[in-house]
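# Geometric and topological summary
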Amino acid sequence: MSDIRFLDRISRWMGWCPNSGNMPEKISQRGDAVRNGVTGASGPALARSLLFSRLSWMVAALSYLAAFVALPMLPEIIPVHWNLYGDPDGFSSRLVGAFGPPVIITLTLLFLQIIPRFDRRAEGFEQGRDLYQLVVFATISMLFGLEVVVLLIASGIDIAMEVIFPMMLGLLFIVIGGVLPHLQQNTTIGIRFPWTLRDERNWKKTHQQGGILFVAGGILMVLASPFAGRWSLLLLL
């Protein structure tokens with residue numbers, strides 16, 4: 001019986017599609033939309049929003065665990081910044097180098113969780129809150145991936161940062177590109193020019209085309225990174 005319930009929950013969660021009409025119900029009162037964090041979304045959308053939010057905080061916690069595990073294996077001075085050629089050009093003590101990234105991840109996550117409360121088009125944001133939390137999760141995961149790479153390089157493992165970073169950035173672009181066409185007008189996430197915020201039709205067309213460009217650019221970066229390295233970033237531009 002428990003297995004049936006579990007499968008039913010998974011099927012309900014995965015069966016949602018942004019174009020299927022199962023988006024969260026519109027919020028009639030703008031002031032109530034962001035008052036309590038994820039309130040405003042309902043049903044499967046609320047579940048997904050909470051899931052991605054919790055996963056983001058789990059990744060943030062893992063970043064501290066990774067720093068604790070790696071600390072004894074690190075030399076006194078470790079590289080923390082690389083130039084376009086993949087050469088380290090910034091260094092730090094192992095304590096700062098190990099725990100600096102987790103602090104940055106935590107502050108970034110806090111900032112990304114706070115800014116939706118100031119959205120001036122709360123109704124539109126609430127309809128895509130789960131999509132926003134997905135982008136937040138992808139962003140925090142990318143930062144955590146970079147932290148792991150930095151710790152591995154500092155511990156003596158040879159990894160080409162000029163290849164790994166564009167690849168991770170490309171994956172993030174793919175996620176953002178997949179989300180863009182399904183966003184409603186809001187002032188937190190998306191292509192938020194004055195003309196897109198004034199005209200709903202302009203917003204939709206801009207985000208449909210922008211989504212395609214983001215996904216295409218992300219795929220190009222991922223595929224080109226092993227061969228082009230740092231030049232894959234220039235290909236995107």
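Just above sits the structure.
A short tour of the structure in this document, coming up. (Residues numbered from 1 in each chain as written. Predicted model: local features only at pLDDT ≥ 70, side-chain atom pairs only at ≥ 80, totals over all residues. Heavy atoms only, no water.)

## A word on the packing of helix H4 (residues 94-114) against helix H6 (residues 129-154)
Helix packing for two helices is described by the angle between their axes and how far apart those axes are. Stated precisely, the cut-off is as follows: Axis angles are defined between N-to-C directions and span 0 to 180 degrees, where every axis is a line fitted to C-alpha atoms and, for a helix, only to the segment in contact. What counts as a helix is a DSSP run of H or I of at least four residues, what counts as a strand is a run of E of at least two, and both are numbered from the N terminus. Oblique is the label for any angle not covered by the other classes, which are roughly parallel (under 35 degrees), roughly antiparallel (over 145) and roughly perpendicular (65 to 115). The contact criterion used is simple: two residues touch if any of their non-hydrogen atoms lie within 4.5 Å. The residue classification treats Ala, Val, Leu, Ile, Met, Phe, Trp, Tyr, Cys and Pro as nonpolar and Asp, Glu, Lys and Arg as charged. All others, Gly included, are polar.
Two elements in contact, H4 and H6, have axes separated by 10 Å at closest approach and are oriented at 175 degrees. The angle between H4 and H6 places the two elements in the roughly antiparallel class. Listed contacts from H6 to Ala98, Pro101, Pro102, Ile105, Thr108, Leu109, Leu112 and Gln113 of H4 are Tyr132, Gln133, Val136, Ile140, Leu143, Phe144, Glu147 and Leu151. When the residues that make up the contact of H4 with H6 are grouped by side-chain class, the tally is twelve nonpolar, three polar and one charged.

## With respect to the layout of surface pockets
Spelled out, the test is: Only protein atoms enter the 1 Å grid used here. Points where a 1.4 Å probe fits but cannot escape make up a cavity, open sets with protein on both sides within 12 Å along at least five of seven lines make up a pocket, and a residue lines them when an atom lies within 4 Å of a point. Grid points are joined across faces, edges and corners, and a volume is the space filled by probe spheres set on the points.
The calculated volume of the largest pocket comes to roughly 540 Å³. Mapped by element, the contributors of at least two residues to the lining of the largest pocket are strand S1 (77-82), H4, H6 and helix H7 (161-179). By residue number, the principal contributor to the lining of the largest pocket is H4, which donates six residues.

## Brief notes about the packing of helix H3 (residues 43-70) against H6
For clarity, the threshold we go by: What makes a crossing left-handed is the near helix being turned counterclockwise from the far one by less than a right angle; a clockwise turn instead makes it right-handed.
Axis separation between H3 and H6 bottoms out at 8 Å; the angle between their running directions is 10 degrees. By the angle between their axes, H3 is roughly parallel relative to H6. Regarding H3 and H6, the two cross each other, and that crossing is left-handed. Residue classes in the contact of H3 with H6 are distributed as 15 nonpolar, six polar and four charged.

## Notes on empty space enclosed by the protein
For the structure shown, the criterion picks out one cavity of 30 Å³ or more. Approximately 30 Å³ is the volume attributed to the largest cavity. As for the largest cavity, its lining consists of Gly124, Phe125, Gly128, Tyr132, Leu183, Gln184, Asn186 and Ile189. For the lining of the largest cavity, the per-class residue count stands at four nonpolar, four polar and no charged.

## A few points about the packing of aromatic side chains
So the rule is basically this: Here is the rule: rings of Phe, Tyr and Trp (six-membered ring for Trp) pair when centre to centre is within 6.5 Å. Planes less than 30 degrees apart are stacked, more than 60 are edge-to-face, and the remainder are tilted. Burial classes: relative accessible area under 20% of the type maximum marks a residue as buried, over 50% as exposed, and values in between as partly exposed (1.4 Å probe, protein chains only).
Inspection of every chain in the model, using the stated rule, returns five aromatic pairs. Arranged with centres 4.8 Å apart and planes meeting at 15 degrees, the rings of Phe193 and Trp195 form a pair that is stacked. On the basis of relative accessibility, which here comes to 40%, the residue Phe193 falls in the partly exposed class.

## Notes on a nonpolar patch on the surface
Rules: A patch consists of residues whose relative accessible area exceeds 30% and which take part in no salt bridge; residues with like charges are grouped when within 9 Å of each other, and nonpolar side chains (Val, Leu, Ile, Met, Phe, Trp, Tyr) when within 5 Å. Only the protein chains shown count as covering a residue, and every accessible area follows the Shrake-Rupley method with a 1.4 Å probe. Criterion for a salt bridge: a side-chain nitrogen of Lys or Arg within 4 Å of a carboxyl oxygen of Asp or Glu.
Where nonpolar side chains cluster on the molecular surface, the patch consists of Trp57, Val103, Leu107, Leu110, Ile114 and Phe118 and spans about 580 Å² of accessible area. By residue number, the principal contributor to the nonpolar patch is H4, which donates four residues. Relative to the elements of secondary structure, Leu110 occurs in helix H4.

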